[in-house]
Amino acid sequence: MKVFVTGANGFVGSYIVAQLLADGHEVFASSRTGDLSSFNTNKNYRFIQVDFSDPFSLHDAFEFVQPDIVVHSGAMSRPDDCEIKQSDAFDTNVFGTVQLLLNAEAYKSFFIFLSTDFIFDGEKGMYKEEDKPAPVSYYGKTKMDAEEAVMEYRHGWAIVRTSFVYGKPLYGRGNFITMIADKIRTKQPFNVVNDQLRTPTYVSDLANGIAAIVKQRTGGVFNIAGKNILTPFEMAQRVAESLGISDHLIRPVTKDELKELAQRPLKGGLDINKAISDLKYEPVSFDEGLRATLR
Ligand SMILES: NC(=O)C1=CN([C@@H]2O[C@H](COP(=O)(O)OP(=O)(O)OC[C@H]3O[C@@H](n4cnc5c(N)ncnc54)[C@H](OP(=O)(O)O)[C@@H]3O)[C@@H](O)[C@H]2O)C=CC1
Ligand SMILES: Cc1cn([C@H]2C[C@H](O)[C@@H](COP(=O)(O)OP(=O)(O)O[C@H]3O[C@@H](C)C(=O)[C@@H](O)[C@H]3O)O2)c(=O)[nH]c1=O
């Protein structure tokens, strides 16, 4: 299959590209800036630098690729940035997604969209696919709006909701786990929130789940996340145990003490039973994911 992947320079996107290449697909990786990967020796790999919120360059990219499948991972993915730069967040996360859908329509591409547990309000927790979105941040609102556009698409779509992705970056940005491991190793004082609940997702599991959807072209909404629910402080404690460091300076705080810019769902977390039954999704435990991330 010819697969067009957006956000390929990103933390998650780089793993999606690696997995699809390993599965033998022809991968057209795209990002706004230049290729950061070392995949260019692979005959099934091409890189296209394109801003998906620019209709003209995107039209040329699609005319060149004519993809069977689009995996749209690109986004303005930091909730605090989205809260303060809301027009940029809308242009990237909503308008950009609509531009991709309009171009995909011309080639009847199957469309896979990366979404988030941040579309929920965090009152209930452990959300199922059929639960009603009610975002508490502008980032979450842009992803909910983009989901609505994807659901109008007529040539086959899947929405992959995930949460708190972690792992060893290939070349994309770091993540909470790699950041906190550094604070623990270097004994830096750091306050970590202990009243938010998340289902941390090992990045290779997420890429595997997406690869299963690419292979089967299974339509619908899927929660692809980890199987354990923890607070970020509990995760930090597990990181310290995994590193065998007890004299670290990580301290628990409440979300009100942390004073994050964007509001985040208190009880996040995604129920993954549908992915387990429909996609044969089998995520590792958080401790297994940590070992792979920290080794
Ligand atoms: N990481 C997480 O914990 C979670 C992530 N998600 C979702 O998963 C997806 C991937 O997240 P993640 O890998 O962490 O994000 P990153 O911030 O690591 O990567 C985002 C990517 O999007 C690209 N991008 C942004 N704007 C544009 C644009 N206008 N045109 C082209 N490319 C653009 C960036 O390109 P460049 O670097 O070249 O500028 C970058 O490659 C996102 O949709 C995010 O919302 C959902 C839940 C949790
Ligand atoms: C910076 C900072 C964060 N934290 C906590 C807040 C948060 O719960 C956790 C992770 O913070 P981050 O800013 O890395 O991630 P955050 O933006 O909270 O994570 C979100 O990312 C986007 C893309 C999503 O879609 C969500 O699913 C979720 O993964 O760390 C602290 O406890 N102390 C700190 O000083």
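What counts as what
- Residues numbered from 1 in each chain as written.
- Chains lettered and ligands numbered in written order.
- Predicted model: local features only at pLDDT ≥ 70, side-chain atom pairs only at ≥ 80, totals over all residues.
- Heavy atoms only, no water.
- Axes fitted to C-alpha atoms, helices over the stretch in contact; angles between N-to-C directions.
- Helix = DSSP H or I, 4+ residues; strand = E, 2+ residues; numbered from the N terminus.
- Parallel < 35°, antiparallel > 145°, perpendicular 65-115°, else oblique.
- Left-handed = near helix turned anticlockwise from the far one by under 90°.
- Contact = heavy atoms within 4.5 Å.
- Nonpolar A, V, L, I, M, F, W, Y, C, P; charged D, E, K, R; others polar.
- Near = heavy atom within 4 Å.
- Polar contact = N/O pair within 3.5 Å; in protein donor to acceptor, adjacent residues only side chain to side chain.
- Areas by Shrake-Rupley, 256 points an atom, 1.4 Å probe, with all protein chains shown as cover.
- Buried < 20%, exposed > 50% of the residue type's maximum accessible area, 1.4 Å probe, protein only.

S.K.: Help me get a handle on the packing of helix H8 (residues 232-243) against helix H11 (residues 286-294), residues and values and all.
M.R.: The contact between H8 and H11 brings their axes to 10 Å, and the two run at 55 degrees. Taken together, H8 and H11 sit at an angle that is classed as oblique. Remark: the crossing between H8 and H11 carries right-handed chirality. The segment H8 lies against H11, with Met235, Arg238, Val239, Ser242 and Leu243 engaging Phe286, Asp287, Leu290 and Leu294. Of the residues that constitute the contact of H8 with H11, the class distribution is six nonpolar, one polar and two charged.

S.K.: Report on the site of ligand 1, specifying residues and quantitative values.
M.R.: Around ligand 1, the surrounding shell holds 27 residues, and the nearest of these are Val12, Ser31, Thr33, Ser77 and Tyr139. Between an oxygen atom of ligand 1 and a side-chain N or O atom of Ser31, the distance comes to 2.8 Å. Within the contact set of ligand 1, an oxygen atom lies 2.7 Å away from a side-chain nitrogen or oxygen of Tyr139. Across the complex, the protein chains shield 89% of the 910 Å² of accessible surface that ligand 1 would expose by itself. Elements with a contribution of two residues or more to the shell around ligand 1: helix H1 (11-22), strand E5 (110-116) and helix H5 (138-151).

S.K.: Please provide a residue-by-residue account of the site of ligand 2, values included.
M.R.: In the neighbourhood of ligand 2, 18 residues make up the surrounding shell, with Asp117, Tyr139, Val193, Gln196 and Arg264 lying closest. Between an oxygen atom of ligand 2 and a main-chain N or O atom of Phe164, the distance comes to 3.0 Å. Between an oxygen atom of ligand 2 and a side-chain N or O atom of Arg264, the distance comes to 2.7 Å. For ligand 2, the protein covers 78% of the area, taking 690 Å² as the surface of the free molecule. Among the elements that make up the shell around ligand 2, the one with the highest residue count is strand E8 (residues 190-193) (four residues). Of the residues contributing to the shell around ligand 2, the split by class is ten nonpolar, five polar and three charged.

S.K.: Requested: an account of the packing of helix H4 (residues 86-106) against H5, with residues and values cited.
M.R.: The geometry of H4 relative to H5 is characterised by a closest axis approach of 9 Å and an angle of 15 degrees between their N-to-C directions. Between H4 and H5, the angle falls in the class roughly parallel. By crossing handedness, the relation of H4 to H5 is classed as right-handed. Counting all contacts with H4, which are made through Gln86, Ala89, Phe90, Asn93, Val94, Thr97, Val98 and Leu101, the residues of H5 involved are Tyr138, Tyr139, Thr142, Lys143, Asp145, Ala146, Ala149 and Val150.

S.K.: Give me unusual backbone geometry: which residues, what numbers.
M.R.: A positive phi angle, near 45 degrees, is found at Met126, a position not held by glycine. Relative to the assigned elements, Met126 resides in the loop between E5 and H5. Located in the positive-phi region is Lys259, a residue other than glycine, with phi close to 55 degrees. Inspection of the secondary structure puts Lys259 in the loop between helix H9 (255-258) and helix H10 (273-278). We classify Lys259 as exposed; its relative accessible area is 67%.

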